[in-house]
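The chain contents come next:
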Amino acid sequence: MSHVSEDMNDIVLDVDNLSIAYETRKGDVEAVRKASFRVRKGETIGLVGESGCGKSTVAYGIVNFLGANGKIINGSVRFQGEELVGRSEAELKKLRGDRIAMVFQDPMQALNPSIRLGEQLTEVLTCHQHIARQEAWERSVAMLRRVNMPDPENVMDRYTHQISGGQQQRVVIAMAMLNNPALLIMDEPTTALDVTVEATVLDLIEELKNDFQAANIFITHNLGVVARVSDTLCVMYAGQIVESGPVAAIFKNPSHPYTMGLLASVPRLGETKSDAVLHPIRGRVPQPANRPQDECIFAPRCDFATEKCRQGLPELAQVESEHLARCIYALELGKRKRTHRMRQRTQAAAQGGAQKPTNEDLLHFEGLKVYYPQESNSVISLFGLGEKKYVKAVDDVSVRLSKGRTLGVVGESGCGKSTLVKGIIGLEEITGGSGEFLGIDATQPCCDRETDLIREMQMVFQNPDSTLNPSYPIGKQIARPIRHFKTVPADQVKQEVLRLLKAVRLGPHYYDRLPRQLSGGEKQRVGIARALASRPDLIICDEPVSALDVSVQAAVINLLLDIQNLYGSSMIFIAHDLSVVRYFSDDIAVMYLGQIVEIGPAEAIYDPPYHPYTEALLSAVPIPDPDARQKDIRLSGNVPSALNPPSGCRFHTRCPRRAEFLPDGGKICETQPPPWQESSRGHRIFCHIPIDQLETFEPVIHKTGT
């Protein structure tokens, strides 16, 4: 982390006791309460917290971009020594995009799809500076080159939809940096990106910070990202900053129960379900209108709360130099006993007779292929002539899954993870290969499968909103598969629904609620309950926690583990977070461009020997530990098209290792498909590099002092 000068002249932004409210029919509702922090030149301050904590509201409040009903009701915002509160809209408009720039989570919000990128970039310069269009064009090209955009001259002539998501975010960052702003605000800039693209964007942000010496505010819910990029950290809860200080100090000695809860909700890379327990925070963030005014705002969810906590709002206590925490027990938190019992490691199997994993195959697919026909634009294709082309979404994949075990599937977007499981469950038509589930042929589409086969294979989707009918109460939606599969007699359906709601930690009062009355985590629990309705042997989870806050994510993961222990279910678990997959899974398959490149026991995948692609994925994972050090391995270029995949090894166009370990610069990788090699630890690697050389790779992650 950079050493930041204490000189007052270095302070770019000084936010003091900032309070923001929104006008509603019931009066003003306070969304942010007395937030204070400073950002210095060349410093990055991270704002973290669950959804609804006020992180983005603070950022928008700095430039008074709060909408028609938002307003600053108290406090001061001083930018380069000048007060921004009370400035006119015209004055603030001159600052936005010039001296203060912003990078949004979704680049499509900042880019106009109907205007070429070059025109959008040059407009940023011509709007704020009196320069010729040609000079603006040249400076835009130079900035695109500075943010490592390939072929920047051609990118200037493209539209937004013609470049990838990572490239779109680079364009937005270039746009923000064109006027050399003094303050750069980044609102979840990497949340929607793949882990490999995210790593390169974070590298870029760090480089630009060092080169331009801008002050940075980085908003995120990912503790690994904030540990990597931030110098100072502010933890927000329900509109208040509850802890602030140097990032290393907070991670080493969290002194507010909420910060402790966030860190306890996140699995560290390498932790497993057998040796670590996730501790989610109880309850949810209160709505702004329902927040207590005369007691600790976190007390209802706090494991350390006492009556004293409810007798007034706590002030910020100094833990160390510059390390502050808004808790009356901040200085003694590590010694205090919890007033609420924390979750213990699940022992349902030992106590309740849950089924143990076996070596008996539940599911076995060989040479699975899922191809999508690609329509040609040529004239002869109108007559059914010409070569037919196919998108090879899944190409020659073989997987086995034993009863009671979990198979994790990881890889970048577009690698075929979701298509693979949709082919297995029958939602996508299988083009080739063989497959059995419980000894029954499972290669037909879902509509042609027997009811018994469908009953034993259910799915939990990433977005519960897309699978829940907004017009029907929760109870009826869970009851429908129970009736369809005749899980219980008709007169016991409601009791079975209530039992399932209890199993997913929802009370009977949820039976008559509509989906819109539930939080994101509660909707996902309903999705899990509905998947359990047929009492399946296999549950397929397609990114079930990727859209959830870390605490809700931990609760859902714990729930799935409890269900597996109780019912002995087998699971296929897809996620982009390698820490979560490692924690949850017994076996892991790494996919790249429609093929599995590495598969085996989870504990073997995360240590050498690695496939070079697995090594790159692990080096890109943000780790919630500022002291952790990772190898700096970055993949160049984008994932090639599945319509025309590279010959030989599909990874050869991006592989950082083939020239180092193979003769002729790895020429064989371009012409011949690689062989499968098995390591002594029981996992298989699809690579030309000999296994004994792959074993010489150093571990990707090192802890300081180890």
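Calculation rules
- Residues numbered from 1 in each chain as written.
- Predicted model: local features only at pLDDT ≥ 70, side-chain atom pairs only at ≥ 80, totals over all residues.
- Heavy atoms only, no water.
- Salt bridge = Lys/Arg side-chain N within 4 Å of Asp/Glu carboxyl O.
- Helix = DSSP H or I, 4+ residues; strand = E, 2+ residues; numbered from the N terminus.
- Buried < 20%, exposed > 50% of the residue type's maximum accessible area, 1.4 Å probe, protein only.
- Axes fitted to C-alpha atoms, helices over the stretch in contact; angles between N-to-C directions.
- Parallel < 35°, antiparallel > 145°, perpendicular 65-115°, else oblique.
- Left-handed = near helix turned anticlockwise from the far one by under 90°.
- Contact = heavy atoms within 4.5 Å.
- Polar contact = N/O pair within 3.5 Å; in protein donor to acceptor, adjacent residues only side chain to side chain.
- Phe/Tyr/Trp six-rings, centres within 6.5 Å; stacked < 30°, edge-to-face > 60°.
- Lys NZ or Arg CZ within 6 Å of the ring centre and 35° of its normal.
- Pairing = 2+ DSSP bridges.
- Core = buried A, V, L, I, M, F, W, Y, C linked by side-chain atoms within 4.5 Å.

**Quick look at the pattern of salt bridges**
Item 1. Inspection of every chain in the model, using the stated rule, returns 36 salt bridges.
Item 2. The closest approach of N and O atoms between Arg146 and Asp211, which form a salt bridge, is 2.3 Å. Here Arg146, found in helix H5 (residues 133-146), pairs with Asp211, found in helix H8 (residues 195-212); they are 65 residues apart in sequence, far enough to count as distant.
Item 3. According to the relative accessible area criterion, Arg146 is partly exposed, its value standing at 24%.

**Quick look at the packing of helix H17 (residues 520-532) against helix H18 (residues 550-567)**
Item 1. Axis separation between H17 and H18 bottoms out at 10 Å; the angle between their running directions is 15°. Judged on the interaxial angle alone, H18 and H17 are roughly parallel. The interaxial crossing formed by H17 with H18 has right-handed handedness. Residues Gly521, Gln524, Arg525, Ile528 and Leu532 of H17 form the contact with H18, whose participating residues are Val552, Ala555, Val556, Leu559, Leu560 and Ile563.

**Considerations on the side chain of Glu522**
Item 1. Mapped onto the elements, Glu522 comes out in helix H17.
Item 2. A polar contact is formed between the side chain of Glu522 and the side chain of Tyr510, at a distance of 2.6 Å.
Item 3. Residue contacts for Glu522: discarding those within four places in its chain leaves Arg284, Leu506, Tyr510 and Gln517.

**Some points on the packing of aromatic side chains**
Item 1. One pass over the full model with this rule turns up 12 aromatic pairs.
Item 2. Seen from their ring centres, Tyr237 and Phe298 are 5.0 Å apart, and the 85° between their planes marks the pair as edge-to-face. Linking Tyr237 in strand E9 (residues 232-237) with Phe298 in the loop between helix H11 (257-264) and strand E11 (317-320), this pair joins segments that are 61 residues apart in sequence. The pair formed by Tyr237 and Phe298 is uniform in burial state, with each residue classed as buried.
Item 3. Relative to Phe651, the ring of Tyr613 lies with its centre 5.3 Å away and its plane at 65°, an arrangement referred to as edge-to-face. Residue Tyr613 is located in helix H21 (residues 612-620), and its partner Phe651 is located in the loop between strand E23 (628-630) and helix H22 (658-661); the two are separated by 38 residues in the primary sequence. No difference in accessibility class separates Tyr613 from Phe651, as the two residues are buried.
Item 4. One aromatic cluster is present, built from ring pairs that chain together Tyr60, Phe65 and Phe104.
Item 5. A cation over an aromatic ring shows up here: Arg657 above the ring of Phe697, its NZ or CZ 4.2 Å from the ring centre.
Item 6. One Lys or Arg, Arg684, reaches over the ring of Trp676 and ends 4.4 Å from the middle of that ring.

**Topic: the environment of Leu184**
Item 1. Positionally, Leu184 belongs in strand E7 (residues 183-187).
Item 2. When the C-alpha positions of Leu184 and Ala214 are compared, they lie 6.7 Å apart, and in sequence the two are 30 residues distant.
Item 3. If we ignore the near neighbours within four places in the chain, the residues touching Leu184 are Ala101, Met102, Val103, Ala176, Met177, Ala215, Asn216 and Ile217.

**Section: the pairing of strand E13 (residues 361-374)**
Item 1. Sheet topology note: the E13/strand E14 (residues 389-402) ladder contains 11 bridges and is antiparallel. The residue bridging Pro373 from the neighbouring strand is Tyr390, located in E14.
Item 2. Bridge count between E13 and strand E16 (residues 432-437): 5 bridges; the pairing is antiparallel. Within the sheet, the bridge partner assigned to Phe365 lies in E16 and is Gly435.

**Regarding the nonpolar core**
Item 1. Membership of the largest hydrophobic core comes to 79 residues, with the highest contact counts inside it found for Ile478, Ile528 and Phe573.
Item 2. With 7 residues, H18 is the largest single contributor of residues to this core.
Item 3. In contact with Ile528, not counting residues within four places along its chain, are Val460, Val504, Val556, Leu559, Leu560 and Ile563.

**Concerning the pairing of E11**
Item 1. In the sheet, E11 pairs with strand E12 (residues 323-325) via 3 bridges, with the strands oriented antiparallel. By the bridge assignment, Ala317 is partnered in E12 with Ala325.
Item 2. In this structure, the hairpin formed by E11 and E12 is closed by a connection of 2 residues, where Glu322 is found at a positive phi of approximately 70°.

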